[in-house]
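Now for the letters of each chain:
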Amino acid sequence: CRLQPKDAAKMPESAWKLLFYTLSWSYGAYLLFFTDYPFFHDPPSVFYDWKKGMDVPTDIAIAYLLQCSFYGHSIYATAYMDTWRKDSVVMLLHHVVTLTLIAFSYAFSRGFEGGWRGLQGQGAALGLAPLPGSPRAAEPTPLPLPRRFWFRLYWFPLKVLYATCYSSLQSVPNIPFYFFFNALLLVLTLMNIYWFLYIVLFVGKVLMGQMQEVNDVREYDVEDSKKT
């Protein structure tokens, strides 16, 4: 592959994320569509017969382990290994919030939040991860726009936020840590909107002819090259 040095430096990051997102999304899809869990078609069912201290099924616990290990690593990788971008601070906050949500969700046996994120979060992220060897290995394309909207700005509020904000109180009126978990989920929703606007900005610049080549609008060196 004849990659530019800048793009070659991004390849390990992109290849690793592509591999993890593919495996994680596939396992999340397996849990939701090829097991007996009705979470996708009936999100409120996750709170049926819920009680404090209940056991987390092994297959869902595996999803928790995968997600926690990835986001724990991602906090370090974003701060010390990955290319620093305009949204890196938000990305760090996202990883901390997500890790906190998943870890506390497991600790308090709220299996829905952690298990669902395996599909909705990684499904959208999979659209952002290009194939290894691509000349623009770590840069977004217009392709993820509908996918990101569908997974993170449609299904996430429709299925996750509806179940946790409304249905949980219907099934378990005194469910513990209600505001804590939902506040974290709402913060993630705001971040989803933030990144969606980045992609809209990118697509807008391409359509208006303001970009001669496909560049990541989050990169600092893109602005520097324009100034020079």
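Residues numbered from 1 in each chain as written. Predicted model: local features only at pLDDT ≥ 70, side-chain atom pairs only at ≥ 80, totals over all residues. Heavy atoms only, no water.

By the naming in an unreviewed UniProt entry, the chain is CERS1 synthase, taken from Ardeotis kori. Turning to the chain, the UniProt record has this under Subcellular location (unreviewed entry): "Membrane". A UniProt comment under Catalytic activity (unreviewed entry) is attached to the chain, and it reads "sphinganine + octadecanoyl-CoA = N-(octadecanoyl)-sphinganine + CoA + H(+)". (UniProt positions renumbered as here; feature names shortened; annotations may be inferred.)

1. Let's talk about the overall build of the chain
Across its full length, the chain carries seven helices and zero strands. In the chain, the succession of helices and strands from N to C terminus is α-α-α-α-α-α-α. In the chain, of all internal contacts separated by at least 6 residues, the share reaching a separation of at least 24 is 77%. In the structure as shown, the chain presents an accessible area of about 11800 Å², 67% of it carried by carbon and sulfur atoms. (Helix = DSSP H or I, 4+ residues; strand = E, 2+ residues; numbered from the N terminus. Contact = heavy atoms within 4.5 Å. Areas by Shrake-Rupley, 256 points an atom, 1.4 Å probe, with all protein chains shown as cover.)

2. Here's the deal with helix 3 (residues 88–107)
Across its 20 residues, helix 3 extends 28 Å between first and last C-alpha, which sits within 8% of the 28 Å expected from 1.5 Å per residue. Every buried residue belonging to helix 3 is among Ser88, Met91, His94, His95, Val97, Thr98, Leu101, Ile102 and Ser105, and all of these are buried. (Expected span 1.5 Å × (residues − 1). Buried < 20%, exposed > 50% of the residue type's maximum accessible area, 1.4 Å probe, protein only.)

3. Quick look at the UniProt feature "transmembrane region" (unreviewed entry) in the chain
In the UniProt entry, the feature "transmembrane region" (unreviewed entry) is given for residues 18–40, 60–77, 89–108 and 177–203. Span residues 18–40 is 70% helix and 0% strand, its end C-alpha atoms 24 Å apart. From the first C-alpha to the last, residues 177–203 spans 40 Å; its make-up is 96% helix and 0% strand.

4. Quick notes on the packing of helix 3 against helix 6 (residues 178–207)
Relative orientation of the contacting elements helix 3 and helix 6 amounts to 150°, with a least axis distance of 10 Å. With respect to each other, helix 3 and helix 6 are oriented roughly antiparallel. Here the hand of the crossing between helix 3 and helix 6 comes out left-handed. Between helix 3 and helix 6, the contacting residues are Val90, Met91, Leu93, His94, Val97, Thr98, Thr100, Leu101, Phe104 and Ser105 on the first element and Phe180, Phe181, Leu184, Leu185, Val187, Leu188, Met191, Tyr194 and Trp195 on the second. (Axes fitted to C-alpha atoms, helices over the stretch in contact; angles between N-to-C directions. Parallel < 35°, antiparallel > 145°, perpendicular 65-115°, else oblique. Left-handed = near helix turned anticlockwise from the far one by under 90°.)

5. Side note on the nonpolar core
By size, the foremost hydrophobic cluster in this structure holds 23 residues, and its most contacted members are Tyr37, Phe39, Phe47, Ile60, Tyr64, Phe70 and Ile175. When contributions to this core are tallied by element, the ones reaching two or more residues are helix 1 (5–33), helix 2 (58–80) and helix 5 (144–171). In terms of residues, this core owes the most to one element, helix 2, which gives five residues. Setting aside anything within four residues of it in sequence, one finds Phe70 in contact with Trp16, Phe20 and Tyr21. Counting residues in hydrophobic clusters, the runner-up holds 13 residues, among them Met91, Val97, Leu161 and Trp195. (Core = buried A, V, L, I, M, F, W, Y, C linked by side-chain atoms within 4.5 Å.)

6. Regarding the packing of aromatic side chains
Per the counting criterion, the structure on display carries 23 aromatic pairs. Consider the rings of Trp16 and Phe20, whose centres lie 6.0 Å apart with planes at 40°: the pair is tilted. One end of the pair is Trp16 and the other is Phe20, both in helix 1 and four residues apart, which spans about a single turn. For Trp16, a relative accessible area of 37% puts it in the partly exposed group. (Phe/Tyr/Trp six-rings, centres within 6.5 Å; stacked < 30°, edge-to-face > 60°.)

7. Concerning the side chain of Lys159
Along the chain, Lys159 turns up in helix 5. Although buried, Lys159 forms no salt bridge, and the nearest oppositely charged side chain, Asp42, lies 8.7 Å from it. Engagement of the side chain of Lys159 in a polar contact is seen with the backbone oxygen of Phe40, the distance being 2.8 Å. (Lys, Arg positive; Asp, Glu negative; His and termini not counted. Salt bridge = Lys/Arg side-chain N within 4 Å of Asp/Glu carboxyl O. Polar contact = N/O pair within 3.5 Å; in protein donor to acceptor, adjacent residues only side chain to side chain.)

8. Looking at the packing of helix 2 against helix 3
For the pair helix 2 and helix 3, interaxial distance at closest approach is 9 Å and the crossing angle is 155°. Relative to helix 3, the element helix 2 lies roughly antiparallel. Relative to helix 3, helix 2 is oriented so that their crossing is left-handed. Residue-level inspection shows Ala61, Tyr64, Gln67, Cys68, Tyr71, Gly72, Ser74, Ile75, Thr78 and Ala79 of helix 2 in contact with helix 3, the latter providing Ser88, Met91, Leu92, His94, His95, Val96, Thr98, Leu99, Ile102, Ala103, Ser105 and Tyr106. Looking at the contact of helix 2 with helix 3, its residues break down into 13 nonpolar, nine polar and no charged. (Nonpolar A, V, L, I, M, F, W, Y, C, P; charged D, E, K, R; others polar.)

9. A closer look at the confidence of the model for the chain
Caution is warranted with low-pLDDT regions, since their predicted coordinates should not be read in detail. Across the chain, the average pLDDT comes to 75, with 75% of residues at or above 70. Below pLDDT 50 for its whole length, residues 114–143 participates in 94 contacts with residues either more than four positions away or in separate chains. (pLDDT = per-residue confidence, 0-100.)

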